[in-house]
Protein chains: 2
Amino acid sequence: MASTSEFKISPPAGMEDMDVSSQRAVTLYEAIREDILSGRLAPNERLVVADLAERLGTSTNPIREALQMLRGEGYVMFSPNRGARVRPIDHDFVRNIYEISTLIEPALTRWFVGMATDADIAELERIQRLIEENNFVDAVLHSGLDVQFHTVVYQRHYNRHAAEIWWKHRQVLRAVTQRFPYTLARRSQVIREHRELIEHVKSGEADKAAACIARHVESSGQHILEQMRAFDAARTG
Amino acid sequence: MASTSEFKISPPAGMEDMDVSSQRAVTLYEAIREDILSGRLAPNERLVVADLAERLGTSTNPIREALQMLRGEGYVMFSPNRGARVRPIDHDFVRNIYEISTLIEPALTRWFVGMATDADIAELERIQRLIEENNFVDAVLHSGLDVQFHTVVYQRHYNRHAAEIWWKHRQVLRAVTQRFPYTLARRSQVIREHRELIEHVKSGEADKAAACIARHVESSGQHILEQMRAFDAARTG
DNA sequence: TATCATCAAATCGTGTACAATCCAAGTCAG
DNA sequence: CTGACTTGGATTGTACACGATTTGATGATA
């Protein structure tokens, strides 16, 4: 494996086990989703099933099913008899997701504090060390490690539904954040907040950990939304 | 229209306008979803595409697409080369949904308090009057009115994503609640909490309204989960 | 005789090819 | 320039072929 950027984000153990579907369609689903999230498919672009089928080397039916899945997750929009279009991952869409994360993640974190084992804490510290070693140099690696970090916290939560929502949102945010650089201020803030979270978990202070995560998500959202605004302003202005 | 029980719950104005898909498939989607939620399709029952196609008078492709939609919403589970099964609407599933609602609905309500017009309040009071007139006699009517009541609050929220999540959850809960009767205690509690909410909206007290909704969802969840437990105990014991 | 393994046939999921329907844009007559 | 018609392209629904999985029976072994 290459030393950097080959970090593969796998569905965190036991997370989307229900997502294992028709072997072909699930791959197509991921392929198209990545194309949407990465921006290779432009916002509002038409998704012509025949074209996609040819490009991805399959026939139309698997494509249709993949598009229906994507519709369920909110990545594509359908119009009757006019097919699918790429939903724009715009400012509002990202803001909506962040707002919901701000509500859900603290609740998940609170529960984790009561359940965390020594192994969990060791794992958090291990990942945090890797994050700090990388120090945002490799953006993709950082993104993957960051997902890993939070996955440790949410992975075993009894509310699978909530964990799934988090996971879906996270995948959108991962793709979006990779389009923009971290400011220096934001970098040190991320490090600080992660360290603070670990401390609260260690001392078993659920409320503080929850509040910490709330701030973490909130500030992360602010950071990205500002970048998106700036980018859009630069583009249009 | 018949005087009772013919109450049709339509997707509250502008709510799932993105859901308008292939005219046929979306109907099939609703048909199958209702069969699952109402219990006509047993938990874990296999969903054989050919059977469904015949029963619903269509061919296999529309059924497949409908099943993929339902997969996205969490109503069916897929296994590779083994097809789809009905996800059991069990105690855990319902609890998960209630927990998430407890997080989201107060936030939506808080925003509504700052935005509510006189017309909104009048509408809330109108629906509340109908609820009290019906007084839980017609369960389906009550269920529909209850959805309407809360829809007034969430309908125009800027976070469409959150509103959609609420709406999807609500549809599950509507189907489940209709399977069980309201206890007398629960009836008066619902009336009281609705009235209290209206008062808080009128006086513009966002925090109190949010807290009120949090309690409302919480107690509603407790009520249903107890009924489900009792039912399961009676069945197995 | 009971239990288990093996194998075969049926069943159903999955992908392909095709026909029908619908929409939109472009064209031509008035 | 406007409105209806035509035509091309894409969605949507149907029929079918292939392959995997399940199931039931048959036979072997303890």
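Reading the values: the criteria
Residues numbered from 1 in each chain as written. Chains lettered and ligands numbered in written order. Predicted model: local features only at pLDDT ≥ 70, side-chain atom pairs only at ≥ 80, totals over all residues. Heavy atoms only, no water. Helix = DSSP H or I, 4+ residues; strand = E, 2+ residues; numbered from the N terminus. Buried < 20%, exposed > 50% of the residue type's maximum accessible area, 1.4 Å probe, protein only. Contact = heavy atoms within 4.5 Å. Areas by Shrake-Rupley, 256 points an atom, 1.4 Å probe, with all protein chains shown as cover. Buried area = accessible area lost by both parts, 1.4 Å probe. Salt bridge = Lys/Arg side-chain N within 4 Å of Asp/Glu carboxyl O. Polar contact = N/O pair within 3.5 Å; in protein donor to acceptor, adjacent residues only side chain to side chain. Phe/Tyr/Trp six-rings, centres within 6.5 Å; stacked < 30°, edge-to-face > 60°. Lys NZ or Arg CZ within 6 Å of the ring centre and 35° of its normal. Pairing = 2+ DSSP bridges. Axes fitted to C-alpha atoms, helices over the stretch in contact; angles between N-to-C directions. Least-squares fit on C-alpha atoms with pLDDT ≥ 70 in both. Domains from an automatic or database assignment.

Peer 1: Quick question: what am I supposed to make of the overall build of chain A here?
Peer 2: In terms of helices and strands, chain A carries nine helices and three strands. Secondary structure elements of chain A occur, N-terminal to C-terminal, as α-β-α-α-β-β-α-α-α-α-α-α. Expressed as a percentage of the 237 residues in chain A, the buried residues total 51%. Sequence-distant contacts, at least 24 apart, represent 74% of the contacts inside chain A between residues at least 6 apart. Per element, the accessible surface of chain A, about 10,900 Å² overall, is 53% carbon and sulfur.

Peer 1: What should I look at first to understand the interface of chain A and chain B in this one?
Peer 2: Interface size is commonly expressed as the accessible surface area that is lost when the partners come together. At the interface, 35 residues of chain A touch 35 residues of chain B. Summed over both partners, the interface of chain A with chain B comes to about 3,300 Å²; 48% of that surface belongs to carbon and sulfur atoms. In this assembly, chain A and chain B are joined by four salt bridges. Glu 65 of chain B is paired through a salt bridge with Arg 64 of chain A; the nearest N and O atoms lie 3.7 Å apart. Across the contact surface, chain A and chain B share nine residue pairs in polar contact (both at pLDDT 80 or more). Every element with two or more residues in the side of chain A that touches chain B is listed here: helix H3 (60–73), strand E2 (76–79), helix H4 (91–115) and helix H7 (160–177) of chain A.

Peer 1: What am I meant to see in unusual backbone geometry here?
Peer 2: Note: most peptide bonds trans; most residues except glycine with negative phi. All names here are of chain A. Unusually for a residue other than glycine, Asn 81 sits at a positive phi of about 60°. Looking at the element boundaries, Asn 81 is found in the loop between E2 and strand E3 (83–86). Here Asn 135, not a glycine, exhibits a phi torsion of approximately 50°, which is positive. For Asn 135, the location among the structural elements is in the loop between helix H5 (118–134) and helix H6 (139–154).

Peer 1: Looking at this structure, I do not really get the pattern of salt bridges. What am I missing?
Peer 2: Any two side chains of opposite charge can pair, so long as their charged atoms come close to each other. Applying the stated rule across the entire model yields 34 salt bridges over all chains. Where Glu 73 of chain B meets Arg 71 of chain A, a salt bridge forms, and the shortest distance between an N and an O atom there is 3.9 Å. Placement of Glu 73 of chain B in helix H3 (residues 60–73) and of Arg 71 of chain A in helix H3 is noted, with the two residues assigned to different chains. In terms of burial, Glu 73 of chain B and Arg 71 of chain A fall into one category: buried. Notably, a salt bridge pairs Asp 120 of chain A with Arg 156 of chain A, separated by 2.6 Å at the nearest N-O pair. Highlighted residues: Asp 120 of chain A in helix H5 and Arg 156 of chain A in the loop between H6 and H7, separated in sequence by 36 residues. A residue is classified by how much of its surface remains accessible, and Asp 120 of chain A, at 7% relative accessible area, is buried. According to the relative accessible area criterion, Arg 156 of chain A is partly exposed, its value standing at 46%. Residues participating in the shared-partner salt-bridge network are Arg 33, Glu 34 and Arg 174 of chain A.

Peer 1: Teacher, can you tell me more about the packing of aromatic side chains here?
Peer 2: For any pair of aromatic rings, the description rests on two quantities: the centre-to-centre distance and the angle between the ring planes. By the definition in use, this model includes 10 aromatic pairs over all chains. Note on Trp 166 of chain A and Trp 167 of chain A: the rings are 6.0 Å apart at their centroids and 45° apart in plane angle, and the pair reads as tilted. Residue class for Trp 167 of chain A comes out buried when judged on its relative accessible area of 2%. A ring pair is formed by Phe 180 of chain B and Phe 231 of chain B, whose centres lie 5.9 Å apart and whose planes are at 75°; its orientation type is edge-to-face. Here the residue Phe 180 of chain B occupies a position in the loop between helix H7 (160–177) and helix H8 (184–202), and Phe 231 of chain B occupies one in helix H9 (residues 206–236), the gap between them amounting to 51 residues. Here a set of aromatic residues connected by ring pairs shows up, and it is made of Tyr 154, Trp 166 and Trp 167 of chain A. The lysine or arginine in question, Arg 71 of chain A, covers the ring of Tyr 29 of chain B, its NZ or CZ lying 6.0 Å from the ring centre.

Peer 1: Mind showing me how you'd approach the sheet that holds strand E2 (residues 76–79) of chain B here?
Peer 2: Residue and element names in this part refer to chain B. Pairing in this open sheet of three strands is antiparallel, and the strands run E1-E3-E2 from one edge to the other. The sheet is open, and its two edges are formed by strand E1 (46–47) and E2, each paired on a single side. Where E2 lies against strand E3 (residues 83–86), four bridges are found, and the strand directions are antiparallel. Bridged to Met 77 within E3 is Arg 85. Packing against the sheet, H3 makes contact with E1, E2 and E3, and its axis sits at approximately 110° to E2.

Peer 1: How should the environment of Gly 114 of chain A be read in this particular structure?
Peer 2: All names here are of chain A. Here Gly 114 lies in helix H4. By relative accessible area, Gly 114 is classed as exposed at 64%. The sequence separation of Gly 114 and Gln 222 amounts to 108 residues, and the corresponding C-alpha distance is 29 Å.

Peer 1: So what exactly am I meant to see when it comes to the sheet that holds E2 of chain A here?
Peer 2: In any sheet, the strands associate via hydrogen bonds between backbone groups, in a parallel or an antiparallel arrangement. Residue and element names in this part refer to chain A. Spatial ordering of the open sheet is given by E1-E3-E2, a layout of three strands whose pairing is antiparallel. Unpaired on one side and paired on the other, strand E1 (46–47) and E2 mark the two borders of the sheet. Together, E1, E2 and E3 form the strand contacts of H3, whose direction differs from that of E2 by roughly 110°.

Peer 1: Would you explain the relation of the copies chain A and chain B in this entry?
Peer 2: Each of the two chain copies can be generated from the other by rotation about an axis followed by a shift along it. By a simple turn and slide, chain A fits onto chain B: the slide is 0.0 Å along the axis, the RMSD is 0.1 Å, and the turn is 180°. Within this description, the copies of the chain are treated as partners about a two-fold rotation axis. Every residue of chain A has its C-alpha some distance from the rotation axis, and the shortest such distance is that of Gly 72 of chain A, at 2.4 Å. A symmetric contact is evident, with 100% of the interface residues of chain A recurring at the interface of chain B.

Peer 1: Before we go on, may I ask you to explain the pairing of E2 of chain A in this structure?
Peer 2: If a strand is regular, its side chains alternate between the two faces of the sheet. Residue alternation in E2 of chain A divides its side chains into a buried set, Val 76 and Phe 78 of chain A, and an unburied set, Met 77 and Ser 79 of chain A. Between E2 of chain A and E3 of chain A, which pair antiparallel in sequence order, lie three residues; one of them, Asn 81 of chain A, sits at a positive phi of approximately 60°.

Peer 1: Hey, could you run me through the domain arrangement of chain A in this one?
Peer 2: Residue and element names in this part refer to chain A. Taken domain by domain, chain A comprises domain 1 (20–86) and domain 2 (91–236). Using C-alpha coordinates to define each centre, domain 1 is positioned 28 Å away from domain 2. Taken together, the two surfaces of domain 1 and domain 2 that pack against each other cover about 590 Å², and 45% of this comes from carbon and sulfur. Counting the surface domain 1 buries against domain 2, the share from its top three residues, Leu 37, Glu 73 and Tyr 75, is 63%.

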